[in-house]
Amino acid sequence: MYSVRSGYHKARELGLQSEAESSEREREVSLWRSVWALQAHASTKVFIWRVLKNVIPVYLNLSKRRILVDVRCPICGKEEESVLHIMWICEFSSQVFSNSVQSIQKMRLRFLDFEQLWLAAVDRLSSSDLAILATTFRLIWSRRNSFIFEQKFQPSKYLASYAINSVAPSAVKSLVIPRRVLLSFPSSLQGQVWLPPPEGIIKVNWDAGINVAVQKSGFRVVIRDHLGVLMAAKCSSRPIALDPTVAEAEAALLAVEFAMELGFRHIILEGDSLAVVEDILNEDYCFHDWSGVVLEIKAKIQRLFSCQVQFVPREGNCAAHCLAKEALNCDNPITWIEEGPSVLLPIIIAEKSSIQSSEGF
């Protein structure tokens, strides 16, 4: 039976339902707006959209489709791998956030699902910090996939640093090499031989070597002036057989630090690892095993008055290369100032004579 009272209650029920639907629509609009308005790369926006839709292939989702039986996290192996777990709860993901910006570190709270986590981040973080968080989520997922399919696992501090430096304007500004630092490849005239730097500039050559049998990596640095005169040399080693390109990056870092330690502020940094040189030259932040070391190199280059970074073939890097045995045999760093080991001197003399002959001395 219809009555005024029943009509009133029905109208109220429909009104509340309409308000609820309207509120839900507004919530969804606000949610997706926060994603597409991110100050981050388009790939990061799409990734966050997929995560919020819960369509990324975490093990829990694959088990629901009867593709997998074991749903344990492939990284920590302790809990089932849900979206929230791999992005936030997993201890290895937590290590990344503990190295991130302070506002994200303060968010280490418990959430029911990823959407609740994201909405809390939208409310609490600045636009730049939200972009850092989103980028970090994408990097964590990329690291997870690299671990599963390539058996590679990026250190947490590298992921945090990469996310910050690729998003935060202030952080990027502090690491971008200033105009006074010239980055370029050498001209074709440099060919296959070592060429001296211009007067007033110091050339710093680096090289690295690996001995897998004894699990050791050696780093070599040779510093010369415009006349080819040996200013200094250094050998160092680490008791681990690093990836060859990572070792080359470590050697380049040692070269910059050694030159600065000696007070040189106008240098040419030259090595025969094209991958490392290209990464230093790249204004963007590459995601390689050695990119964390390259970030350190770029930061230190900031303190130089001028620096040209260039690739040279192995034939033009003989002096640094010849120190391989000394570097791999030393347990502690060895430094030579205005002199060098006996194995190095014949090469220095030969290349210096070549310079004098070409200049008509």
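Residues numbered from 1 in each chain as written. Predicted model: local features only at pLDDT ≥ 70, side-chain atom pairs only at ≥ 80, totals over all residues. Heavy atoms only, no water.

(A) Looking closely at the packing of helix α2 (residues 42–52) against helix α7 (residues 114–124). Their axes nearest at 9 Å, the elements α2 and α7 cross at an angle of 135°. On the basis of their axis angle, the class for α2 and α7 is oblique. Residue-level contacts link Ile 48, Val 51 and Leu 52 of α2 to Phe 114, Glu 115 and Trp 118 of α7. Residues that form the contact of α2 with α7 fall into these classes: 5 nonpolar, no polar and 1 charged. (Axes fitted to C-alpha atoms, helices over the stretch in contact; angles between N-to-C directions. Helix = DSSP H or I, 4+ residues; strand = E, 2+ residues; numbered from the N terminus. Parallel < 35°, antiparallel > 145°, perpendicular 65-115°, else oblique. Contact = heavy atoms within 4.5 Å. Nonpolar A, V, L, I, M, F, W, Y, C, P; charged D, E, K, R; others polar.)

(B) Local environment of the nonpolar core. Among the nonpolar cores identified, the biggest contains 46 residues, and Ile 48, Met 87, Trp 88, Phe 114, Trp 118 and Phe 137 are the most heavily contacted of them. Elements supplying a minimum of two residues to this core: α1 (4–36), α2, α4 (83–89), α5 (91–97), α7, α8 (127–150) and α9 (156–167). At 9 residues, the largest contribution of residues to this core is made by α8. Those residues in contact with Phe 114 that lie beyond four places of it in its chain are Val 51, Leu 52, Val 83, Leu 84, Met 87 and Phe 137. Listed in part, the 37 residues of the second largest apolar core include Tyr 158, Leu 269, Leu 281 and Val 309. (Core = buried A, V, L, I, M, F, W, Y, C linked by side-chain atoms within 4.5 Å. Buried < 20%, exposed > 50% of the residue type's maximum accessible area, 1.4 Å probe, protein only.)

(C) Region of the structure containing the sheet that holds strand β6 (residues 334–337). Overall, mixed pairing links the 6 strands, which are arranged β5-β4-β1-β2-β3-β6 in an open sheet. Edge positions in the sheet fall to β5 (306–311) and β6, since each of these pairs with one other strand and no more. On average, adjacent strands in this sheet sit at an angle of 15° to one another, irrespective of strand direction. Relative to strand β4 (residues 266–271), strand β1 (residues 202–211) is paired through 5 bridges, and the arrangement is parallel. Along β4, the bridge assignment pairs Lys 203 with Ile 268. Across the face of the sheet, helix α12 (residues 274–281) comes into contact with β1, β4 and β5 while running at roughly 140° to β5. (Pairing = 2+ DSSP bridges.)

(D) Looking closely at the environment of Ile 148. Relative to the assigned elements, Ile 148 resides in helix α8. Ile 148 gets classed as partly exposed once you look at its relative accessible area, which sits at 23%. Through-space distance from the C-alpha of Ile 148 to that of Pro 74 is 7.3 Å; in sequence the pair is 74 residues apart. If we ignore the near neighbours within four places in the chain, the residues touching Ile 148 are Tyr 59 and Pro 74.

(E) Examining the confidence of the model for the protein chain more closely. Averaged over all residues, the pLDDT of the protein chain equals 83, while 84% of them reach at least 70. In the model of the protein chain, helix α10 (residues 169–175) stands out as the element of lowest mean pLDDT, 35, in contrast to α4, which has the highest, 96. Throughout residues 168–191 the model reports pLDDT below 50, and contacts reaching past four residues in sequence, or to other chains, amount to 56 contacts. (pLDDT = per-residue confidence, 0-100.)

(F) Quick peek at the pattern of salt bridges. Evaluated as defined, the whole model comprises 10 salt bridges. Residue Glu 81 is joined to Arg 144 by a salt bridge in which the shortest nitrogen-to-oxygen separation is 2.8 Å. One end of the pair, Glu 81, is in the loop between α3 (59–64) and α4; the other, Arg 144, is in helix α8, with 63 residues separating them in the sequence. With relative accessibility at 3%, the residue Arg 144 sits in the buried group. Across the salt bridge formed by Glu 257 and Lys 300, the nearest N and O atoms sit 3.7 Å from each other. Taken together, the residues Glu 257 in helix α11 (residues 244–261) and Lys 300 in helix α13 (residues 291–301) connect sequence positions 43 residues apart. Relative accessible area serves as the criterion here: at 21%, Lys 300 is assigned to the partly exposed category. (Salt bridge = Lys/Arg side-chain N within 4 Å of Asp/Glu carboxyl O.)

(G) Seen up close, unusual backbone geometry. One non-glycine residue with positive phi stands out, namely Arg 66, at about 60°. You can see Arg 66 is positioned in the loop between α3 and α4. Using a relative accessible area of 79% as the deciding quantity, one classes Arg 66 as exposed. You will see that Glu 338, though not glycine, has its phi angle at about 55°, which is positive.

(H) View of α9. With 12 residues, α9 ought to run about 16 Å at 1.5 Å a step, and its terminal C-alpha atoms sit 17 Å apart, in line with that. For α9, the buried fraction is high: 9 of the 12 residues fall into the buried class. (Expected span 1.5 Å × (residues − 1).)

(I) Seen up close, the environment of Val 312. With respect to the helices, strands and loops of the structure, Val 312 is situated in the loop between β5 and α14 (318–321). Given the relative accessible area of 3%, Val 312 is considered buried. With 39 residues separating them in the primary sequence, Val 312 and Ser 273 have C-alpha atoms 8.1 Å apart. If we ignore the near neighbours within four places in the chain, the residues touching Val 312 are Asn 205, Glu 270, Gly 271, Asp 272 and Asn 317.

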